[in-house]
Structures are given as structure tokens and as C-alpha cells.
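# Inside the fold
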Amino acid sequence: MCRLTCLSILLLIPAAVSFQTSSKKSVHITCSKFNSAITPIKSTSTSLQSTVDETATDTTTKTKNTWFPIRPADALSPSNDYNSLVNSAYLRHILVETEEMADLVMDLYLNGGKSEGDDNAAQSSYERTDGDVFSRLATDVSTCPFTREDSGEIGWVDNPSNNREKSDLNDVYADILSSEAIEDLFSRRVKGGDVIKVEGKDGWHLIRVDDLFIKLVGDTDTTADGSKNRINKVRPKLKGSGQIPLSPVFQKIGTDADIIDSNDGIDNDDEQSKMIYSVPNAKHYQILTSGCQMNVADSERIMGVLEGELGLKALDAINTADPTLITTSNKKSKNKKKPTPDILLLNTCTIRDHAEQKVYDALGPYTAMKRAGKPLAIVVAGCVAQQEGEALLRRFPEIDLVLGPQYIPWLGELLVEVGKGSQLCMTESMIWSEKGGIGAIDKDSSREKDGDWMTPIKRGHSVRAWVNVIYGCNEHCTYCVVPSVRGVEQSRSMEAILQECLQLAASGYKEVTLLGQNIDAYGRDMIPKRTFADLLHYLNDNLPPNTISRIRYVTSHPRYFSERVIDAVANLDKVCECFHMPFQAGDDEVLRGMRRGYTFDSYMKIIQKIRAKAPDASICGDVIVGFPGETEEAFQRTLDLMEEVKFDNLNTFAYSPRPNTEAANWENQIPPEVQSERLQRVQALAAKHALERSERYVGKVIEVLVEDRNPKNGGEVMGRTRQGRQVFFEGDIDELKGELVNVEITEARTWSLVGGSIQD
């Protein structure tokens, strides 16, 4: 049967079949042990195409390497394996008669509702305002009488290898999915965003996993032997003070007590009703953040949990630990106490030298509070937490929770354990879940969209927002600590990313920056595989007009960079003409030592393709000087590359040895004074090039998105061009914030521009 005939049959199915629909919006399915064949669909989308020289492989391996797996479930430890973690999965499905039809439906789904080879075919039938083509196809094509009118929604399906005692309940819903199919679905160790093709008794299913329900903490005393996770339910007295460590009480509403007191920090009954947790004896939290954009985004998610699920309020923003918080008097008011937090959270960074000591210094004032008897929950999160793990608890027994970045969705659940008097270290490998196990099943077994259970987020800005699209990094750069502290790559589903962006659009945001340590690797861990270019097209096509007008992203890796991404940046109206392409060094031998996977020449080929297709785009980068073994001649190649590219902006770093990295143990370290001298030369050249790139705007009228008031001049506003250049001009921030304004550039500065608005 030809493809066109199959497609025609598919489109006729809804009119030809009479369905009896179920009145139940969402069903909760459990299942029993069985075996059946599941075949994953191969993606029809273009896989990541490297534009780098394939011969630039590592030949300087100094130690035996254990490479990261592509599938996140393969990275889980035996003590924290998939079946012990994953309680259930939230599923949708499409049922069709033949495997060929299933393949055609998959093609439509992967192509955003368009048939292969025709940009317009079927678009009018399958486009949705929320971009969920799968649900629309389920409504239009599926032959399942129980789920078709509910957009293919099945609901929560229990993992039979996690919860066998409920398997007898599966018979009630056997007409939707057989126990054989469910058994093998979980044997694939699926995660959110995966779509699996399964043969059933009535035809072929395409099953999409929307999310996973993961239960971290049970009724047992501690975690399994060999796990990095630790739960100490009995805590000794603190040395020197004799105090038992105290923290606020955190209770899960409706489960931890017959009567739950209201949160002290919430006066409004309606707001109180939205809380998942009660914290009756606490009001305030304080979060201290250091590090990259990923840490900033993580802190926004953490604040969302603390405010949106626990009802706490933030103390005034403080960027560094403030010892005066423990002061109980001052000269003006001897008896007036300064406010202190009930929860302190340090979100830490380990990319720079001495990062651990900075954390220790910041903890000092707050551990003193705890030794003095204050009920205070101390949480250390981020990369230092992941790196140091249980060692932090030994050094600072006052700490209540060491939280690896991958456990943020479970923060509320873990704080409940802290409130019971436990001390926890959660740094073991984890599989990503949009909402984890926090109240989702207990509160509601159905949802309208993939965004409904996302961890709440308190945004740090009202115009632009960070949106995580992929977590972790699978690279093995010999200088970099990120893979060991951020874990393996885990892509979020395109639907979940879009739902977050749609929520931002509804709230008035105008710009999103997509985040990933290695964003060009997006989708390679999914079934079927997707690409970052797919994601850019998907978002650009499905964001409503006159809402979010700018999409940015960081950070690319030259090894995985694709021409399709260049085409997307050049042609998609919402994607900004800005490339962040770290090169790190210009010398091929140094690049091999770094294990970067490309050369000077292959990097320049990428730049040439960008210049040819997007000539007005900005190009930004990162560079490291003083890497072990870098000679003066090798360093000169870095300067040569800078001269050829002329970066709009360049982040410059002197190499510093980091824990658990190969290069830290090499003997050919560069003296600090040499590193410093080279760094100064790089920074001087970067500033020269940045000014040259700024000068190209003088005399032009440029579109600027207004973000803030100029902090140095209250009569001016600050915004950015599509290429990311800061622009200052006279204006009223109350009138212009969030607006796109045409500005004529009159002055070029090294890192910014000055101009005046052009009246319409």
C-alpha cells in the first residue's frame, strides 16, 4: 500500500468508526508481569550532524575513561535503579489497525502535523494552539473507544516491577492496554517525552510518556547499600553546644497529620488552599546563588517550590552570606532583632577554584544560629553539593539536606523528612521528572497539559526568562567538572518545554533563553531521537503571535553543531541571530588535550557557514588560557583564532584544576603568573574586537527589547538588540518595559551601545 493511500485511510478513520466513550477523564492503570515485543520508532528527523573534522579525536588519554551512556536510565546505579525509583508513568496513546499506519502517524507527529515532503499538507488538520500534535492525532485518528475523545489520555499506569501488589486491578482497564504491553513499556525504562510503538491485541499503539512519578523516600530507615544517598533519621547532638539540631516542621497536607496547621506566612485562605505542604512555624527563606545561568534557573525553581508549595516568603535579596543576620541588637535599637531565615539554601558553583571554601565561609553564620538553638533548615544545593556529597555533612553536621541539582523537583518531599528530624544527602544519579513525586497522584490524577505539574518557578525578571531544555552533559573534557556534578544528558519533552513557554507568554514575557550545558545534544537521549533544530522549529511555529518574540539559547558545542541550527537562526523569525560557540583554545594539540573533538580549521568552517547564512549574527565564545602544556606558540594560535573570528563577546578564563578532572593531575601545569599575563592579553584583544563589532551599529536603526532602567541613570532605559548587545537610551521604564523600540545608534562602546528612540 502506498504512503498516500495509507494517509488517506488514516484521515477517513474518524468518520468511519462509531465510538463509545468513557466518561472518566483519566484512569489509573496497574499491571502484572508479562512479555511482549515493543519496537521503538526510528526518528524520521535529521539526526545531529557534526560539522567538525572527524579526525580530531583524542589521542592523549591519560587515564582509562568510562564513557557516559546516552539513555539516562543506563546511568542509574544498582542501588538506585529504574524499577526501584519509577512508581508509574502518565501515558497517552494512539491506536491504529496496522503497523504501517502507526509509522505514518509517527511521521505526522515528528513533522509537527505535516506530511513528509509537503510543508502545507495536513497542517490545517493537525495544528493546535498548544502545539500538542500527538493529542490532536489521538482525537482524529485513534480507534480506541475509551480514550479518543480525551485526546488519547490514559492516565497514571503503574510500573509492574515497582508495585506488584496492585497488579490485579489491571483487569478493569484491560481493554485499553494489555498487561503485556505495559510490562514491556516499562522494560524499555522510558522517560518523559519518549514515544514507543507497541503491538496490541486490537492493532498498534503509539504510546507517549508525558511524565514519571518517582517516590524517593519510603518508610524504611535509610537508602540502599552502596548508594550515595543517605538518610540519617537519628541525629546526634552538635559538638560544642550539646544541642539537638532543630528545623521547622514540614508537613504534607492531608497525609502527615489529621489536623494541619496553616502556614504562618500566608494570610489568604485561597492561597493557603493551593499549598501542597504546611510549614506552621516558619515564614521566611533565604537563597544565596552563585555560578552560571543554569544555577540561576535552578534557584528560580527552588524559590518556586518554597513559595508556591510551602507558602514561604523571601527575605530581602542578599547576594552573599551576611554575618550580621545573627546580630540581635544594634546601636539604634538595642532590643530590635534583625529578620533571620527559617530556611537557608545555598545554591553553589564549583567551576572556579576555591569554590568549596567559599561555601564553607558562607555557612559559618548560619551554623552558629543552629548551634545556638534556632530551628533553621540548612540546605546546600548545586554543584558543590553534588561534588562533596556526604563529606559536607561530616564537616558541617548542622546541614540538614545536601541536594544535588537533579533532586530539585523533590525538594518539598525531602523537607518533610527534614521536618521529622532527618538529615539527608541526595546526590545519586536520578532520572528526570517534570514534577517527580510531589503530590501529583495524591492531589489529582488528571491534567490538561504537560505544564500542569511542572515545579513552580519564581522568575527573576518580568520580560525575559530562562527555560531549561536539557540537563547534564555527556562530554569528557579533561578540564571540566560539569559532567560529574550535573549528571548525564536528559532532554525534556518538546511538549513540556512549549507548555512552559506558553505559560510565560500568557504572563507577558517577551523573550526566553533556552538552557543546556550542551544544548546541541538535545534529543539524542529520547525515543525516537530529536534534534535541537527540531525544537527551534517547534517553538517558533507554536508560540502565538504578539507574545514571545525572541528565542535565545546557550550553550553550543562545536562537535555537535548542525547546519540545521544555522538555518533555523537565519530563517526563523523568533530565533535571535546570536551564536554562543565556545572554542576554549586555538591550538590543535591543546584542543586534543582538552578532548574537545574539533580543530582550529573545523571550528573556522562553522564560523564561515554562519557568516554566509546569517551575516549580521553575533558570535560569542569562551576561552581558557594556561591549560596544562600550553606553550607560547600554542597560545598564539588562540590569538590567531580570535583575530579571524572577531567575537562580539568573549568569556575569558584562566585554567584552574578542578576535583575529579583528568587535567588536574597532569604534571605540566602552567605557572599562575604566566596564566595571568596570557589572560590579560586575551582580554585586551577581546575588548578591541568587541568595540569593532559595536561600531558596525552606529548610524543604524535597531530593534531593542526594553528590559530595565539604567542603574546609573534613572532617566535612561536599558534593552538588548536581537544580537544581544546592550543599548542605553532616554525613556520612561514604566512605559517602555517589555516593549520593542526602534533606536538609532549614536555611540559605540566596548560592550554596549547608546542611542535615541525613533518615534513612529
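Right above here is the structure, for reference.
Analysis parameters
Residues numbered from 1 in each chain as written. Predicted model: local features only at pLDDT ≥ 70, side-chain atom pairs only at ≥ 80, totals over all residues. Heavy atoms only, no water. Helix = DSSP H or I, 4+ residues; strand = E, 2+ residues; numbered from the N terminus. Expected span 1.5 Å × (residues − 1). Buried < 20%, exposed > 50% of the residue type's maximum accessible area, 1.4 Å probe, protein only. Pairing = 2+ DSSP bridges. Axes fitted to C-alpha atoms, helices over the stretch in contact; angles between N-to-C directions. Phe/Tyr/Trp six-rings, centres within 6.5 Å; stacked < 30°, edge-to-face > 60°. Lys NZ or Arg CZ within 6 Å of the ring centre and 35° of its normal. Salt bridge = Lys/Arg side-chain N within 4 Å of Asp/Glu carboxyl O.

### A short note on helix α3 (residues 99-110)
A rise of 1.5 Å per residue sets the reference length of α3, with its 12 residues, at 16 Å; its end C-alpha atoms lie 16 Å apart and thus fit the reference within 8%. A large share of α3 lies buried, amounting to 9 of its 12 residues. Taken together, the buried positions of α3 are M101, A102, L104, V105, M106, D107, L108, Y109 and L110. Downstream of α3 by one or two residues, G112 has phi in the positive range, about 70°.

### Structural notes on the sheet that holds strand β24 (residues 716-720)
A barrel is described by the order of its strands in space; here 5 strands give the closed sequence β23-β24-β25-β27-β26, paired in mixed fashion. The average angle at which neighbouring strand axes cross in this sheet is 55°, direction not considered. Where strand β25 (residues 726-730) meets strand β27 (residues 752-757), 3 bridges bridge the pair, whose relative direction is parallel. Residue pairing for β27: F728 is matched across the bridge by V754.

### Thoughts on the packing of aromatic side chains
If you walk through the whole model with that rule in mind, you get 14 aromatic pairs. With centroids separated by 5.6 Å and ring planes inclined at 40°, the aromatic side chains of Y360 and F396 adopt a geometry described as tilted. A residue pair is termed long-range when its members are at least 10 positions apart, and Y360 in helix α9 (residues 355-371) and F396 in the loop between α11 (390-395) and β13 (401-403) qualify at 36 residues. The class for Y360 is buried, based on a relative accessible area of 12%. Here K197 stacks its cationic end above the ring of W204, 5.6 Å away from the centre of that ring.

### A closer look at the pattern of salt bridges
Considering all chains together, one arrives at 52 salt bridges under this definition. Notably, a salt bridge pairs R230 with E390, separated by 3.8 Å at the nearest N-O pair. Of this pair, R230 sits in strand β6 (residues 230-232) while E390 sits in helix α11, and the two are 160 residues apart along the sequence. Take R230: its relative accessible area is 26%, and that puts it in the partly exposed class. D298 serves as the salt-bridge partner of R486, at 2.7 Å between the closest nitrogen and oxygen. Taken together, the positions of R486 in helix α14 (residues 482-486) and D298 in helix α8 (residues 293-308) put the pair 188 residues apart, joining distant regions of the chain. When sorted by exposure, R486 lands in the same class as D298, which is buried.

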